[in-house]
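# Structural overview
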Amino acid sequence: MIKEIQLQDIPGVNIGHAEELEAKTGVTVLVFPQGARAGVDISGGGPASRETPVISPLTNDIPVNAIVLSGGSAFGLAASDGVMACLEQRGMGYNTGFALVPIVCQSCIYDLGYGSSTIRPDKELGYKACVHALDCNQHPEGNYGGGTGATIGKIAGMHRATKAGVGIYGVEVAGLQMAAVVVVNALGDVFHHTTGEKIGGVTSEDRSGWANIQDILYSIAKPQDMFTRNNTTIAAIITNGNFSKT
């Protein structure tokens, strides 16, 4: 039997957000106080990422201390500096014998076209989000953290896109727990998971209703056109299952 759970029901993980509402960007931090085994899958043309080789199946199985999901494109990678500083102060990190080095992995969405293109997540915002994770461990959804600048339905241009955010959902089946933390920055549409009703995505030209995304896809079917519409959605899947790194 499947039952819904909260992210905090899974032991060993804390979550926190920090955002710049005027600039419309932010940071979400998942902290693992005891460390966590992690793996990664990167799909697409231009992901902004930090320390992902550490969690590649081909490298040593070192526990991660935090995962950062942020806006700011590649500029937003600076947020991890603040997360590392916070974790070092709290005594978390990989013991090298000379210092504790926090293992922090990060990925960013491109939100520079929605809010300010000159204000991005930085060390200070990353530090704030990490403190929020460790001291508050709350997970509001929507326009928070890394989802502050997220939009969906950009396949027809930003003028026909709609606002998105960060979403969290968890389930448990026979003791196996799993939760997804997603910065929903999709190129296309979002539909209700039970009714199939469209709840966000591409609007009509005058924004008076929804557009048919299938028609738009057909109209841009030429490969050279499709590859000009770059987009990134980022997520962390948290589980208590004893999976290998691979």
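Heads up: the structure comes first, above all this text.
A short tour of the structure in this document, coming up.

## Things to note about the overall build of the chain
- A count of helical and extended segments in the chain gives four helices and 15 strands.
- In terms of overall size, the chain behaves like a compact globule, its C-alpha atoms giving a radius of gyration of 18 Å where 246 residues would be expected to give roughly 18 Å.
- Seen through its C-alpha atoms, the chain measures out along the principal axes to roughly 60 × 50 × 35 Å.
- A fraction of 73% describes how many contacts in the chain between residues 6 or more apart in sequence connect residues 24 or more apart.
- A total of about 12,700 Å² of accessible surface is found on the chain, and carbon and sulfur atoms cover 54% of it.
- Averaged over its 16 positive side-chain charges, the chain has a centre that lies 4 Å from the centre of its 22 negative ones.

## Regarding the pairing of strand β5 (residues 64-70)
- With seven of seven residues buried, β5 lies mostly within the body of the structure.
- Sheet analysis places strand β3 (residues 25-36) next to β5, joined by six bridges and oriented antiparallel. From the neighbouring strand, V29 faces β5, where its bridge partner is V68.
- Sheet topology note: the β5/strand β8 (residues 104-108) ladder contains five bridges and is parallel. What sits directly across from L69, in β8, is S107.

## A short note on the sheet that holds strand β11 (residues 166-173)
- Strands sit in the order β1-β11-β12-β15 across an open sheet of four strands; the sheet is antiparallel. Since the sheet does not close on itself, it has two edges, and those belong to β1 (2-5) and β15 (234-239), each with one partner. Recorded for the sheet is a direction-independent mean angle of 20 degrees between the axes of neighbouring strands.
- Direction of pairing for strand β12 (residues 176-183) relative to β15: antiparallel, over a ladder of six bridges. In the sheet register, V182 faces β15, and the bridge partner there is A235.

## Here we look at the pairing of strand β2 (residues 14-20)
- Of all seven residues that make up β2, five are buried, and the element is covered over most of its length.
- Where β2 meets β3, seven bridges bridge the pair, whose relative direction is antiparallel. By the bridge assignment, A18 is partnered in β3 with V27.
- Joining the antiparallel neighbours β2 and β3 is a turn of four residues, in which K24 adopts a positive phi near 60 degrees.

Criteria and thresholds
Residues numbered from 1 in each chain as written. Predicted model: local features only at pLDDT ≥ 70, side-chain atom pairs only at ≥ 80, totals over all residues. Heavy atoms only, no water. Helix = DSSP H or I, 4+ residues; strand = E, 2+ residues; numbered from the N terminus. Rg over C-alpha atoms; globule rule 2.2 N^0.38 Å. Contact = heavy atoms within 4.5 Å. Areas by Shrake-Rupley, 256 points an atom, 1.4 Å probe, with all protein chains shown as cover. Lys, Arg positive; Asp, Glu negative; His and termini not counted. Charge placed at Lys NZ, Arg CZ, Asp CG, Glu CD. Buried < 20%, exposed > 50% of the residue type's maximum accessible area, 1.4 Å probe, protein only. Pairing = 2+ DSSP bridges. Axes fitted to C-alpha atoms, helices over the stretch in contact; angles between N-to-C directions.

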